[in-house]
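Residues per chain are reported as follows:
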Amino acid sequence: MSQAPEPTPLEAALAHCESEPIHIPGSIQPFGIMLVLNAELTRVEQLSANAPAHFGLSPEQCLRASPGQLLPEALYELARALLEQDSAQYQSARHHILAYRSDPFVVLEIEPRDDVRRPDGATGLELAFGRLLQQHDSTAVTRVLAQEVRRLTGFDRVMVYRFDPDWHGQVVAEARMDELPPLLGHHFPASDLPAQVRAMYLKNPLRLIHDIRQQPVALLGARPGLPAVDMSRGILRAVSPLHVQYLQNMGVAGSCSVALVHQGSLWGLVACHHGSALTLAPARREALLQLVQFAGQRLFLVNAQQQLAYQQRLYQLREQLAHHVQRQHSRPGEVFRHCADDWLALLQSAGCAYLSGERRLCAGTVPGEASLRRLAGWLEQQFTPALPGRSSWFSDQLERDLPFSLDSRHAFAGLLALPLTVDQGQSTDWLLFFRLEQEEIINWAGAPEKDLTRTEQGYRLNPRASFARWQQQVRGHSPVWQAQQLHAARDLAQDLAILAGSARMARLNRQLTEANQHLRHMAQYDALTGIWNRYRLEQSLTQEQFNAERYRRAFSVMLLDVDHFKQLNDNHGHNAGDHALRLLSQTIRRHLRRGDQFGRWGGEEFLLITPETPAEQALVLAERLRQVIAELRDPELPPFTVSIGVAQFQPGQDSTQLIDAADRALYRAKELGRNRCELAP
Ligand SMILES: Nc1nc2c(ncn2[C@@H]2O[C@H](COP(=O)(O)OP(=O)(O)OP(=O)(O)O)[C@@H](O)[C@H]2O)c(=O)[nH]1
């Protein structure tokens, strides 16, 4: 049996980070006191080490006293009210009290009020709301949010973080004291905010750290067998040593963060930092929460509008595509040339390629010819056999997902490939979008420290070391393909596929029509001379015979045969013979009337059908033709002659009988010395 490999020091440190029980630190920050009562409120179970002084008693006296004796009446009543609800707040003249359940306990957090003489924290909120309402894109909303939070709270630096799907984040807005270096645009790794910390923000959106330099105050009186006090919902919870170190590294003493929650999940954070301690009185905290909540609503509304605008842009581009089709630019390649730049912008890609058989059309930055060919072959395999419902292949980490590298000149890290045609036995057309590796990786401005520390309990992560890990994680990545972008690309590809399909059909139809025309021609015309063949002549003969019977019209036929043609072939070669046949055909055609039907009956024998022509007139024509041929002169041929047999159609005859009559007349012409015309009796 294989054993799980030993975790690396970094993995061990990260695991420790993620398993740190930050919700039950067993101590609080010293800007308040904590009382932990039993659920029935009959007993003080635990209290913070700074509480006895507050009550003017010893710890033992406090732990022995009943809550009713220890607490002023109003406070005790608040605790009682809590039995009915989940959490409650109360403001006395000098204190702010937060009460919440933490089974099996009821927790009271008591803070002295230091905002009594200061103006109310809510002042100016309306102004902030007004400014937020004037912003119409998410960048502006977050920027104003950062500014307004700073104005409200007085922190040195206020940042708005946004999380990506992997929980790495980026500073998307900042308001700061001029002296501080900017952090706007900086990234931070997911491990900076481990999963349990993120979960905590969903329970309690505000986290306040008054001053990391102050020692935490321990809870006294914990009894074995009872669970630790869960402080997730409170404000006093002590700071984890790891986080203290993190803030220390950044030169921060006081901090406050508020979650930006959208549809039940953490979208981002408003993070406030201060170089020294900063008290945020309860009323001001409340105002801060309201401000962030309001800004969040505005932000998500504006985001929804931006998404809508994206959809509209997509529809516009699809319309454009349809328009090109209507305007007869109906070849996909042509449409691609017109539209590719817009598609690149819509899909935030560096380059785009349309591959159709041997044809490659490209826009923007794409891999070289050989890479594209190899890629097309590989993609073809991925889609064989065609899987129903599979409409694209994409990756934001090609180094990992593609078995070969695309190009050495450009760092392509992202690909979205859409097959356009999936005809059986046909090679697939592809629409490909390429993304480059994400731009520069910016370092955090915090003081770099040693990566890992070995403690008695194992490796522990220095917070900044996690950034190096993040850098490692993002190298070779392109920005992630967003669901909206994938949908958009599939829509465009589908449109293009329909277009490609109809263009292909049109091409096939054209080829088919041409093939049919060719076949029809072959079926009716003689390949050597280009005049009608025997099949076509027979059709004509039948038609004439029908007309003659029905309308009682006379018509005649004549059979022409080249005299001594074998000799011509033998003496001058087969090519000369062919040439003679072509020359004869063209010459006779020039001397015919409209309506006369002329073709090659076979070998060196020709048939002429002359409608509405009785035998005597036909004979005159035959004589003229004979003469024309006899007088023909051609540098490559000896003079040659023809013999002609003429026959008029007799009612009741079939075409064979008519041709036989002409043939007999021809035979007689040959017998009588050739180069002459004979009429059938
Ligand atoms: N060059 C060429 N020769 C052909 C073609 N079709 C038939 N012939 C030749 O035409 C000749 C016909 O010869 P015969 O039937 O003996 O008649 P002829 O030599 O013309 O003699 P008469 O008809 O009796 O005057 C044959 O040698 C055939 O091979 C053709 O398409 N091209």
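Sequence order as written defines residue numbering, which begins from 1 separately in each chain. Local features in this predicted model are restricted to residues whose pLDDT is 70 or higher, and side-chain atom pairs enter the listing and the counts only when it is 80 or higher, whereas totals over whole chains, interfaces and linings include all residues.

**Topic: helix α7 (residues 138-153)**
Turn by turn, an α-helix covers 3.6 residues, leaving residues three or four places apart pointing in a common direction.
And step 1. We count a stretch as a helix when DSSP gives it H or I for four or more residues in a row; a strand needs E for two or more, and each element gets its number in order from the N terminus. By this rule the span expected of a helix is its residue count minus one, scaled by 1.5 Å. Here α7 contains 16 residues, and its C-alpha end-to-end distance of 22 Å stays within 8% of the 22 Å for a straight helix at 1.5 Å per residue.
And step 2. Following α7 by one or two positions, G154 adopts a phi angle in the positive range, close to 80°.

**Overview of the site of the ligand**
And step 1. All residues are tested the same way: a C-beta atom is placed from the backbone, and lying within 6 Å of a molecule or strand makes the residue near it. Among the 17 residues in the neighbourhood of the ligand, the closest are listed as D563, F565, K566, G577 and G603.
And step 2. Of all the elements in the fold, those that place two or more residues in the shell around the ligand are β21 (555-562), α17 (565-572) and α18 (574-590).
And step 3. For this classification, the nonpolar set comprises Ala, Val, Leu, Ile, Met, Phe, Trp, Tyr, Cys and Pro, the charged set comprises Asp, Glu, Lys and Arg, and every other residue, Gly included, is treated as polar. Partitioned by chemical class, the residues of the shell around the ligand number four nonpolar, six polar and seven charged.

**With respect to the packing of α17 against α18**
And step 1. Convention adopted: a line fitted to C-alpha atoms gives each axis, helices being fitted over their contacting stretch, and angles between N-to-C directions are expressed from 0 to 180 degrees. Look at α17 against α18: their axes get within 6 Å of each other, and the N-to-C directions meet at 135°. The angle between α17 and α18 falls in the class oblique. Across from F565, L568, N569 and H572 in α17, the residues of α18 making contact are H574, A576, G577 and A580.
And step 2. In terms of residue class, the contact of α17 with α18 is built from four nonpolar, four polar and no charged. For classification purposes, angles smaller than 35 degrees are called roughly parallel, those larger than 145 roughly antiparallel, those between 65 and 115 roughly perpendicular, and all remaining angles oblique. Throughout, a residue-residue contact means that the two C-beta atoms, derived from backbone geometry, are no farther apart than 7 Å.

**So, the confidence of the model for the protein**
And step 1. Model confidence for the protein is summarised by a mean pLDDT of 85, while 86% of its residues fall at 70 or above.
And step 2. What pLDDT reports is the predictor's confidence in each residue, on a scale of 0 through 100. Low confidence marks residues 442-452, where pLDDT is under 50. Its contacts with residues over four positions away, or in another chain, come to 29 contacts.
And step 3. In the predicted complex, the global pTM is 0.62; the interface-specific ipTM is 0.94.

**What about the nonpolar core?**
And step 1. Within the largest apolar cluster, 71 residues are counted, with the highest numbers of intra-cluster contacts made by M34, L145 and V270.
And step 2. Domain delimitation in this document rests on an assignment produced automatically or drawn from a domain database. Formed jointly, this core draws a minimum of three residues from each of two domains, domain 1 (14-20 + 117-217 + 236-306) and domain 2 (24-112).
And step 3. Contacts of V270, omitting those with residues within four sequence positions, involve L145, V149, V158, V160, S257, V258, L260 and V292.
And step 4. Put simply, a nonpolar core is buried Ala, Val, Leu, Ile, Met, Phe, Trp, Tyr and Cys residues tied into one set by C-beta atoms within 7 Å. Exposure classification rests on a simple neighbour count of other C-beta atoms within 10 Å of a residue's own: a residue reaching 20 or more is buried, one at 12 or fewer is exposed, and one in between is partly exposed. C-beta atoms are placed from the backbone. Listed in part, the 45 residues of the second largest apolar core include I531, L581, V646 and A661.

**As for the sheet that holds strand β12 (residues 254-262)**
And step 1. An order of β9-β8-β7-β13-β12-β10 is seen for the six strands of this open sheet, with the pairing classed as antiparallel. Of all strands in the sheet, those bounded by a partner on one side alone are β9 (187-188) and β10 (206-209).
And step 2. Across the sheet, α7 is in contact with β7 (157-163), β8 (169-176), β12 and β13 (265-274); its angle to β8 comes to roughly 50°. Two strands are counted as paired when DSSP detects at least two bridges linking them.

**Overview of unusual backbone geometry**
As a rule of thumb, non-glycine residues mostly have phi less than zero, and peptide bonds are mostly trans rather than cis.
And step 1. Going from D103 to P104, the amide bond is cis rather than trans, its omega being 5°.
And step 2. With respect to the helices, strands and loops of the structure, P104 is situated in the loop between β5 (95-102) and β6 (105-112).
And step 3. Located in the positive-phi region is R674, a residue other than glycine, with phi close to 70°.
And step 4. Looking at the element boundaries, R674 is found in the loop between α20 (655-671) and β25 (677-679).

**Digging into the sheet that holds strand β4 (residues 87-91)**
And step 1. Overall, antiparallel pairing links the seven strands, which are arranged β1-β11-β3-β2-β6-β5-β4 in an open sheet. Pairing within the sheet leaves two strands with one partner each, and these edge strands are β1 (27-28) and β4.
And step 2. Relative to β6, β5 runs antiparallel, the two sharing eight bridges. By the bridge assignment, A99 is partnered in β6 with L108.

**Focus: the pairing of strand β24 (residues 642-648)**
And step 1. The element β24 is extensively covered by neighbouring structure, given that seven of its seven residues are classed as buried.
And step 2. Side chains V642, I644, V646 and Q648 project from β24 onto one buried face, and the interleaved S643, G645 and A647 project onto a second face that is buried too.
And step 3. With three bridges connecting them, β24 and β25 associate as parallel partners. Residue pairing for β25: I644 is matched across the bridge by C677.
And step 4. Handedness of the crossover joining β24 and β25 through α20: left-handed. The path from the first strand over the helix to the second decides the hand: if it runs clockwise while the strands point away from the viewer, the crossover is right-handed.

**Side note on the pairing of strand β14 (residues 351-356)**
Taken residue by residue, a regular strand's side chains alternate between the two faces of the sheet.
And step 1. In terms of residue burial, β14 counts as a mostly covered element, since five of its six residues are buried.
And step 2. With six bridges connecting them, β14 and strand β15 (residues 359-364) associate as antiparallel partners. Following the sheet pairing, G351 is matched in β15 by G364.
And step 3. Examined bridge by bridge, β14 and strand β18 (residues 430-436) share five bridges and lie antiparallel to one another.

**Remarks on helix α11 (residues 332-346)**
And step 1. By definition, a residue's bend is the angle between the axes fitted to the seven residues ending there and the seven starting there. The largest bend along α11 reaches roughly 55° and is located at C339.
And step 2. Taken together, the buried positions of α11 are P332, V335, F336, C339, A340, W343 and L346.
And step 3. Where α11 ends, the next residue or the one after it, Q348, has phi of about 40°, a positive value.

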